[in-house]
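This is what each chain is made of:
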Amino acid sequence: MFAPQFDYYRASSVAEAAALLAEHPEAKVLAGGHSLIPLLKLRLAAPSALVDIGRIDSLRSILEESGTIEIGALTTHAELASSELLRSRATALAEAAGMIGDPAVRNRGTIGGNVAHADPASDLPAVLACLGAEFRVTGGDGDRSVRASDFFEGLMSTAIGEGEILTSIGVPTVDSACGSAYAKFAHPASRYAVIGAAAALVVDEDGSCTCASVTLGGLVPAPVRATAVEEALVGTRLDAAAIASASGLTGEALDTDDVLGDVYASAEYRRSVAQVWVQRALSSAAARCG
Amino acid sequence: MRVPVSITINGRQYSRDVEPRLLLVHLIRDVLGLTGTKVGCDTSQCGSCTVLIDGVAAKSCTCLAVQADGLSVTTIEGLAGDDGLHPLQESFWNKHGLQCGYCTPGMIMASHELLRCNPDPSDDEIRHGLEGNFCRCTGYQNIVRAVRDAAGSATGGAQ
């Protein structure tokens, strides 16, 4: 397959990339290319130009600073999956990154490109929403941070404005009383999420749940919180019965016409089995608390 | 627009002016005539286009040639040294890890990546490490045996 023609500009800094985007308003930003290049080849997108930020090394890092793990937009899925910091402090994120595609895809695909693309079948949006991530964008009218709940606006749509570039993602760090996990029903060929469930739990010293965050992806246009599940978990001891009972409320978050279906898995099927993946994510997250 | 790119492939430097939309796999195959690398699904699922970019496996159907500018690419043609086939090539041959051979270049490059990250993988880890590469005839059993054999010879381990 051949992409439509476009011009190409390689930026050596974020400022240069922002200037190039201002100069070429129809341009798209190219990072690892693992979301954008397939779109171009399928001719679902035909930008006049690409601004390649892939060589801006300052955007490739995972750093902990004052209660936040700041992840540069160019950090690859392989780097996320193998990061000791993420594995211990944002386990669900490392876990989900390790489930994306296959090793060669994880070597090139980036967290920034992934979330900017906002594919509903992607893994990271649900996890980042679950963990309360903030998205740093620059360009346009200056720097700003966008909360996950505001960032993912819908099917392949984010709050990144015209002329703006996503530079990093901040994930709040948690202490050892918190456990998080991601469980995924992967499409057998593409490895995209048919259903993805992310869970983060906090327990007090008695092992009682004080805070729960549960987010679903894969089967909805943008990540959704399963608030009924969250509320049912708080105050429980996160034993198997409590998790099973709370997971049964998953459908309340999916009681809409928005649930996605395709030839592989219908909306009805996804809606009815989603609770299984919520239950698995919760069980793993509970086991990781403390 | 045409953009100059200079890419070292299998130790030899190639400089060409290319359209930005040219995929790395098409540069390798159609412009430079290195046809060992294959195009299968063309949607980054089957892995037959797998090459190493700066030593790390990548699917060259999902990489623009301009993205590899200044970098070093290894294709299946670059694996064998002066002293003969690469241990992975020997093992795929000895263990009958191929029938039609179409997936083999990508399968061997992905196996190279697997052994780079995990020099002594279990069978389960081999299967997991090759999940991005499709074979439609050998049925994978002998591919797993070939990778296990290559890992043994590379580490000098007992078979």
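Not measured: the values here are computed from a predicted model.

Caption draft 1: Expanded view of the nonpolar core. Core analysis: the biggest nonpolar cluster contains 38 residues, and Leu93(A), Val115(A), Leu124(A), Leu128(A), Phe135(A), Ile169(A) and Val171(A) have the highest contact counts within it. When residues of this core are sorted by domain, at least three fall in each of domain 2 (59–172) and domain 3 (180–288) of chain A. In this structure, Ala3(A), Val3(B), Leu22(B) and Leu34(B) belong to the second largest nonpolar core, which totals 36 residues.

Caption draft 2: Layout of the sheet that holds strand β4 (residues 56–59) of chain B. Residue and element names in this part refer to chain B. Spatially, 5 strands are ordered β2-β1-β5-β3-β4 in an open sheet, and the strand pairing comes out mixed. The two strands at the open ends of the sheet, each matched to only one other strand, are β2 (12–18) and β4. The average angle at which neighbouring strand axes cross in this sheet is 40°, direction not considered. Where strand β3 (residues 50–53) meets strand β5 (residues 72–74), 2 bridges bridge the pair, whose relative direction is antiparallel. Pairing of Ile53 across the sheet is with Val73, part of β5. Set on the sheet, helix α3 (residues 104–117) makes contact with β3, β4 and β5; between it and β3 the angle comes to about 45°.

Caption draft 3: Local environment of the sheet that holds strand β14 (residues 224–225) of chain A. All names here are of chain A. Pairing is antiparallel across the open sheet formed by 4 strands, whose spatial order is β11-β12-β13-β14. Where the open sheet ends on each side, the last strands, each with one partner, are β11 (178–186) and β14. Where helix α12 (residues 267–287) meets the sheet, it contacts β11, β12 (193–203) and β13 (209–217), and its direction lies at approximately 35° from that of β12.

Caption draft 4: Representation of the domain arrangement of chain A. With domains assigned, chain A is organised as domain 1 (7–52), domain 2 (59–172) and domain 3 (180–288). Taking only C-alpha atoms, the centre of domain 1 of chain A and the centre of domain 3 of chain A are 35 Å apart.

Caption draft 5: Spotlight on the interface of chain A and chain B. Of the residues lining the interface, 33 residues belong to chain A; the matching set on chain B comes to 30 residues. Both sides of the chain A and chain B interface together cover about 2,500 Å² of buried area, and 55% of this is carbon and sulfur. Where the side of chain A that touches chain B is concerned, the elements lending two or more residues are β1 (7–10), α2 (36–41), β3 (49–52) and α6 (103–108) of chain A. Here the element with the most residues in the side of chain A that touches chain B is α6(A); it accounts for 6 residues. For the side of chain A that touches chain B, the class distribution of residues is 16 nonpolar, 7 polar and 10 charged.

Caption draft 6: Seen up close, the packing of aromatic side chains. All names here are of chain A. Taken as a whole and assessed by the stated rule, the structure comprises 6 aromatic pairs over all chains. Where Phe185 meets Tyr264, the ring centres are 6.3 Å apart and the plane angle is 65°; that geometry is what we call edge-to-face. Remark: Tyr264 occurs in the loop between α11 (240–247) and α12 and Phe185 occurs in strand β11; sequence separation between them is 79 residues. In this structure Phe185 comes out as buried when scored by relative accessible area, which is 13%. Taken together, a centroid distance of 6.3 Å and an interplanar angle of 85° make the contact between Phe185 and Tyr269 edge-to-face. Linking Phe185 in strand β11 with Tyr269 in helix α12, this pair joins segments that are 84 residues apart in sequence. We classify Tyr269 as partly exposed; its relative accessible area is 38%.

Conventions used here
Residues numbered from 1 in each chain as written. Chains lettered and ligands numbered in written order. Predicted model: local features only at pLDDT ≥ 70, side-chain atom pairs only at ≥ 80, totals over all residues. Heavy atoms only, no water. Core = buried A, V, L, I, M, F, W, Y, C linked by side-chain atoms within 4.5 Å. Buried < 20%, exposed > 50% of the residue type's maximum accessible area, 1.4 Å probe, protein only. Domains from an automatic or database assignment. Pairing = 2+ DSSP bridges. Helix = DSSP H or I, 4+ residues; strand = E, 2+ residues; numbered from the N terminus. Axes fitted to C-alpha atoms, helices over the stretch in contact; angles between N-to-C directions. Contact = heavy atoms within 4.5 Å. Buried area = accessible area lost by both parts, 1.4 Å probe. Nonpolar A, V, L, I, M, F, W, Y, C, P; charged D, E, K, R; others polar. Phe/Tyr/Trp six-rings, centres within 6.5 Å; stacked < 30°, edge-to-face > 60°.

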